[in-house]
Amino acid sequence: MMGPAWWAVLVLLAMADAVAGRFVVEKNSVQVTSPESLKGKYECAIGNFGLPQYGGTLQGWVVYPKDNRQACKEFDVSFKGHKSGARPNFVLIDRGECFFTTKAWNAQLAGAAAILVVDSKDEPLITMDNPEDTGTKHLENITIPSVLITKKLGEDLKKSAENGDMVSVLLDWRESLPHPDERVEYEFWTNSNDECGPKCDMQMDFVKSFRGTAQVLEQKGYTQFTPHYITWYCTEAFTVSKQCKSQCINHGRYCAPDPEQDFSKGYDGKDVVVQNLHQVCVFKVANDTGKPWLWWDYVHDFAIRCPMKEKKYTHECASHVIKSLGLDMDKINKCVGDPEADEENPILKAEQDAQIGHGKRGDVTILPTLVVNNRQYRGKLDKGAVLKAICSGFEETTEPAICLSEDVQTNECLENHGGCWVDKANNVTACKDTFRGRVCECPIVKGVKFVGDGYTNCEASGVGRCEINNGGCWKETKNGKTISACSHEESEGCKCPQGFKGDGVKSCEDIDECKAKSACQCNGCSCENTWGSYECSCGGNNMLYMREQDTCISKQAASSVGWSFMWVIFFGLVFAGVGAYAVYKYRLRSYMDSEIRAIMAQYMPLDSQEGANQQQHVAHAGDI
């Protein structure tokens with residue numbers, strides 16, 4: 001009889017046959033900033049455990065320990081910085097002898113901020129994964145990031161460190177995930193099996209902790225989420241075997257490993273496949289009704305209400321959970337189909353096709369796996385770490401408020417306004433906090449857009465700009481009178497008003513029209529300068545100054561001219577009225593004459609009409 005070991009080999013063979021094996025190593029960069037001889041940027045592979053700082057950076061000093069260089073036992077020295085605010089230390093560790101997770105845990109206990117594992121041979125970078133069974137006792141507690149570097153870079157760093165050089169590196173995850181637009185698409189490859197050890201516990205803890213955040217992001221349109229499930233198939237030669245029949249549905253087309261790795265007890269792999277199919281269909285039906293976030297509620301409630309340990313991992317229990325969420329059970333049953341049918345299941349077939357890598361995303365072979373913007377996330381399934389990864393997938397300045405909270409990122413605008421332009425008088429700055437750091441972008445204040453480079457200059461522009469810091473223009477008040485160089489009729493710029501000269505920004509000086517002899521130059525005129533204008537008076541009390549003509553005239557002449565002008569207007573109106581009346585009478589008389597003639601023609605024929613009638617009468621008499 002074939003045992004679990006045989007089944008594991010069979011599953012691996014089927015998986016290898018099903019996909020082309022295009023596993024993509026997800027990378028970030030390590031930038032050496034000193035010593036000078038090693039300066040440059042190098043690729044490194046992100047470890048699939050710990051907490052990588054997606055969207056961020058981490059800088060530290062490289063330490064190569066004298067003993068325990070493979071970190072397979074606890075260190076008897078501390079790598080923690082001794083001074084407050086000191087740059088953290090990254091421990092350089094040799095590959096081999098023990099699990100990667102063991103190395104990371106021992107380095108973390110000794111105070112390391114990150115580990116750089118040096119590959120033991122010249123080869124393309126690989127992904128450091130966490131172990132399946134043994135060596136997992138510290139898995140949940142590893143919080144430092146881990147990367148694998150090439151043997152060549154590692155040897156160079158070792159030599160520099162041993163020579164006493166100050167080796168400084170910058171770990172950079174800012175470009176590890178694409179961030180093309182204002183929405184993040186992500187997938188969660190998971191499993192309904194709750195008896196697969198630490199990995200199952202980890203993914204269920206993640207679902208419980210991340211559910212609320214995921215639902216808010218989805219409901220507000222910030223993300224588009226899709227769950228997926230891995231299945232394999234039995235090779236044709238073994239479809240009738242007892243193992244395939246117990247672990248597969250649809251005649252060996254869709255399989256899952258036995259939950260307990262023991263075919264003689266508990267649930268079978270086919271039970272897992274059926275429940276996975278239910279979860280896919282729950283998402284499909286919920287998504288069709290515009291509520292895809294109900295998937296999180298279903299998976300959460302199913303894990304609590306229908307665990308394998310309590311023998312409740314059944315179709316009946318799943319049905320109760322589905323109905324409690326108000327989903328249509330008939331639609332879900334139709335989606336699930338017949339697990340015994342000797343035919344393809346379109347839902348599971350689509351899941352198998354989705355496993356195969358496309359674009360820059362490799363095949364999905366590790367469970368659980370998170371895919372963000374078509375790139376596989378590496379690291380612990382921790383709520384904070386996953387949220388950072390999702391936040392790093394937004395185009396800068398489009399991320400939601402949750403990505404800018406203190407728990408997720410540091411607000412760089414709090415210190416010196418991020419080096420951006422600032423108007424301290426009005427408490428306005430061009431510094432805009434983003435998940436990746438900050439941008440210097442001229443702001444919009446009270447509906448008024450500021451324009452400029454954001455670093456040294458920002459000026460209010462457009463309608464209403466004069467209401468904000470007077471548009472950056474000069475303004476002064478004297479004797480209750482306010483003069484401004486900002487015009488509401490201009491969308492930009494500052495210009496001193498009439499009567500002033502200057503740049504309009506820093507100052508506007510009063511023009512002395514009297515001294516400049518630009519006004520009040522008429523004979524007998526007396527000029528007195530005022531702020532922004534002038535006063536001109538004429539000699540004698542009977543004289544009046546005309547500003548437009550810059551001349552003086554007699555008040556009596558002005559009065560007579562005024563009355564003469566009024567009489568001209570009056571008589572003009574009278575003549576116009578008489579003329580209009582005459583035209584009206586003429587047109588009315590003509591109209592009345594034509595009407596009277598028409599009426600009289602009906603009762604008193606005119607001479608021309610009478611002659612015509614007589615001729616007509618004679619013609620008729622001749623016919624007789």
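Residues numbered from 1 in each chain as written. Predicted model: local features only at pLDDT ≥ 70, side-chain atom pairs only at ≥ 80, totals over all residues. Heavy atoms only, no water.

It is not clear to me how the environment of Asp76 should be interpreted in this structure. Could you clarify?
Relative to the helices and strands, Asp76 resides in the loop between strand S3 (57–63) and strand S4 (89–94). Relative accessible area serves as the criterion here: at 74%, Asp76 is assigned to the exposed category. (Helix = DSSP H or I, 4+ residues; strand = E, 2+ residues; numbered from the N terminus. Buried < 20%, exposed > 50% of the residue type's maximum accessible area, 1.4 Å probe, protein only.)

Help me out: how do you make sense of the sheet that holds strand S13 (residues 375–376) in this one?
Sheet strands line up and pair through hydrogen bonds in the backbone, either parallel or antiparallel. Pairing within the open sheet is mixed, and its four strands lie in the order S9-S8-S12-S13. Of all the strands in the sheet, just strand S9 (223–229) and S13 have a single pairing partner and so form its edges. Relative to strand S12 (residues 369–372), strand S8 (residues 184–190) runs antiparallel, the two sharing four bridges. Counted as the bridge partner of Glu187 is Val371 from S12. Across the sheet, helix H10 (residues 346–355) lies against S8 and S9, angled at about 105° from S9, the strand it touches most. (Pairing = 2+ DSSP bridges. Contact = heavy atoms within 4.5 Å. Axes fitted to C-alpha atoms, helices over the stretch in contact; angles between N-to-C directions.)

Where do I start with the pairing of S9 in this structure?
Note on strand geometry: in a regular strand, side chains alternate between the two faces of the sheet. Burial of S9 is extensive: five of the seven residues sit out of reach of the surface. As defined by bridge partners, S8 adjoins S9 across seven bridges and the pair is classed as parallel. Residue pairing across strands places Val184 opposite Thr223, the latter belonging to S9. Handedness of the crossover joining S8 and S9 through helix H4 (residues 198–219) is recorded here as right-handed. (Right-handed = clockwise from strand over helix to strand, strands pointing away.)

Sorry, what's going on with the packing of helix H7 (residues 294–305) against helix H8 (residues 315–324) here?
Packed helix pairs are specified by the crossing angle of their axes together with the interaxial distance, meaning the distance between the axes. One can describe the packing of H7 onto H8 by two numbers: an axis separation of 10 Å at closest approach and a directional angle of 140°. Put simply, H7 runs oblique to H8. For the element pair H7 and H8, the recorded crossing hand is right-handed. Two secondary-structure elements touch here, H7 through Tyr298, Asp301, Phe302 and Arg305 and H8 through Cys317, Ala318, His320, Val321, Ile322 and Ser324. A class-by-class count of the residues in the contact of H7 with H8 yields six nonpolar, two polar and two charged. (Parallel < 35°, antiparallel > 145°, perpendicular 65-115°, else oblique. Left-handed = near helix turned anticlockwise from the far one by under 90°. Nonpolar A, V, L, I, M, F, W, Y, C, P; charged D, E, K, R; others polar.)

Whenever I open this one, H10 confuses me. Can you help?
Turn by turn, an α-helix covers 3.6 residues, leaving residues three or four places apart pointing in a common direction. Within H10 the residues assigned to the buried category are Ile347, Leu348, Glu351, Gln352 and Gln355. The buried residues of H10 occupy an angular sector of 140° when the element is viewed end-on, so they sit on one face. Put simply, Asn345 is the residue that caps the front of H10, since its side-chain oxygen is 2.9 Å from the backbone nitrogen of Ile347. (Arc of directions from axis to C-beta. Polar contact = N/O pair within 3.5 Å; in protein donor to acceptor, adjacent residues only side chain to side chain.)

Got a minute to help me understand the nonpolar core in this structure?
Here is a general trend for soluble globular proteins: nonpolar side chains tend to be buried in one another's company. Ranked by size, the top nonpolar core spans 85 residues in total, and within it Leu116, Ile149, Tyr186, Phe210 and Trp296 carry the most contacts. For this core, the leading source of residues is helix H6 (residues 269–288), giving 10 residues. Here this core spans two domains, since at least three of its residues come from each of domain 1 (27–173) and domain 2 (184–404). Among residues more than four places away in sequence, those in contact with Phe210 are Tyr186, Trp296, Lys383, Val386, Leu387 and Ile390. (Core = buried A, V, L, I, M, F, W, Y, C linked by side-chain atoms within 4.5 Å. Domains from an automatic or database assignment.)

I would appreciate a short explanation of the pairing of S4 in the present structure.
Taking burial as the measure, the six residues of S4 include six buried ones, the bulk of the element. In this sheet, S4 lies alongside S3 in parallel orientation, the contact comprising three bridges. When the bridges of S4 are listed, Val62 appears paired with Phe90. With five bridges connecting them, S4 and strand S5 (residues 114–118) associate as parallel partners. Considered in S5, the bridge of Asp94 is made with Val118. Considered for its hand, the β-α-β crossover made up of S4, helix H2 (residues 100–109) and S5 is right-handed.

Sorry if this is basic, but what is going on with the sheet that holds strand S20 (residues 459–461) here?
Spatially, S18-S19-S20 is the arrangement adopted by the three strands of the open sheet, whose pairing is antiparallel. The outermost strands of the open sheet, each flanked by one partner alone, are strand S18 (444–445) and S20. With two bridges joining them, S18 and strand S19 (residues 448–451) adopt antiparallel strand pairing. Pairing of Val445 across the sheet is with Val448, part of S19.

How should I be thinking about the state of the cysteines in this particular structure?
Should the sulfur atoms of two cysteines be covalently bonded, the bond is a disulfide. This model, assessed by the stated rule, comprises 16 disulfides. Between the sulfur atoms of Cys234 and its disulfide partner Cys244 the distance amounts to 1.8 Å. Here the disulfide of Cys234 and Cys244 is left-handed, its torsion about the S-S bond being about -100°. Placement of the pair is Cys234 in the loop between S9 and helix H5 (242–247) and Cys244 in helix H5, with a sequence separation of 10 residues. Across the pair, Cys244 and Cys234 agree in class, each one buried. (Disulfide = S-S within 2.5 Å.)

Even after reading the chapter, I still don't get the confidence of the model for the protein, so can you show me in this structure?
Do not read the predicted coordinates in detail wherever pLDDT is low. In this model, the protein carries an average pLDDT of 85, and 84% of its residues clear a pLDDT of 70 or more. Predicted confidence for residues 558–562 stays below pLDDT 50, and this span has one contact to residues more than four positions away or in other chains. Under a pLDDT of 50 for its full length, residues 606–624 has, in the predicted model, two contacts with residues more than four places off or in other chains. (pLDDT = per-residue confidence, 0-100.)

I keep staring at the side chain of Glu187 and nothing clicks. Help me out?
Position of Glu187 among the secondary structure elements: in strand S8. A distance of 3.0 Å separates polar atoms of two side chains, one belonging to Glu187 and the other to Trp189. The contacts of Glu187, once residues within four sequence positions are left out, are Thr226, His228, Arg361, Thr369, Leu370 and Val371.

Explanation requested: unusual backbone geometry in the structure shown.
Note on backbone geometry: most residues besides glycine have negative phi, and most peptide bonds are trans. Following Ser34, the chain continues to Pro35 via a peptide bond in cis, the omega torsion being 5°. The omega torsion of the bond from Leu367 to Pro368 falls at -10°, within 30 degrees of zero and hence cis. With respect to the helices, strands and loops of the structure, Pro368 is situated in the loop between H10 and S12. The residue Thr397 is not glycine, and still its phi comes out positive at about 80°. As for its position among the elements, Thr397 is in the loop between helix H11 (383–391) and strand S14 (422–423). Non-glycine residue Cys520 carries a positive phi angle of around 55°. Following the sequence through the fold, Cys520 ends up in the loop between helix H12 (513–516) and strand S25 (525–530).

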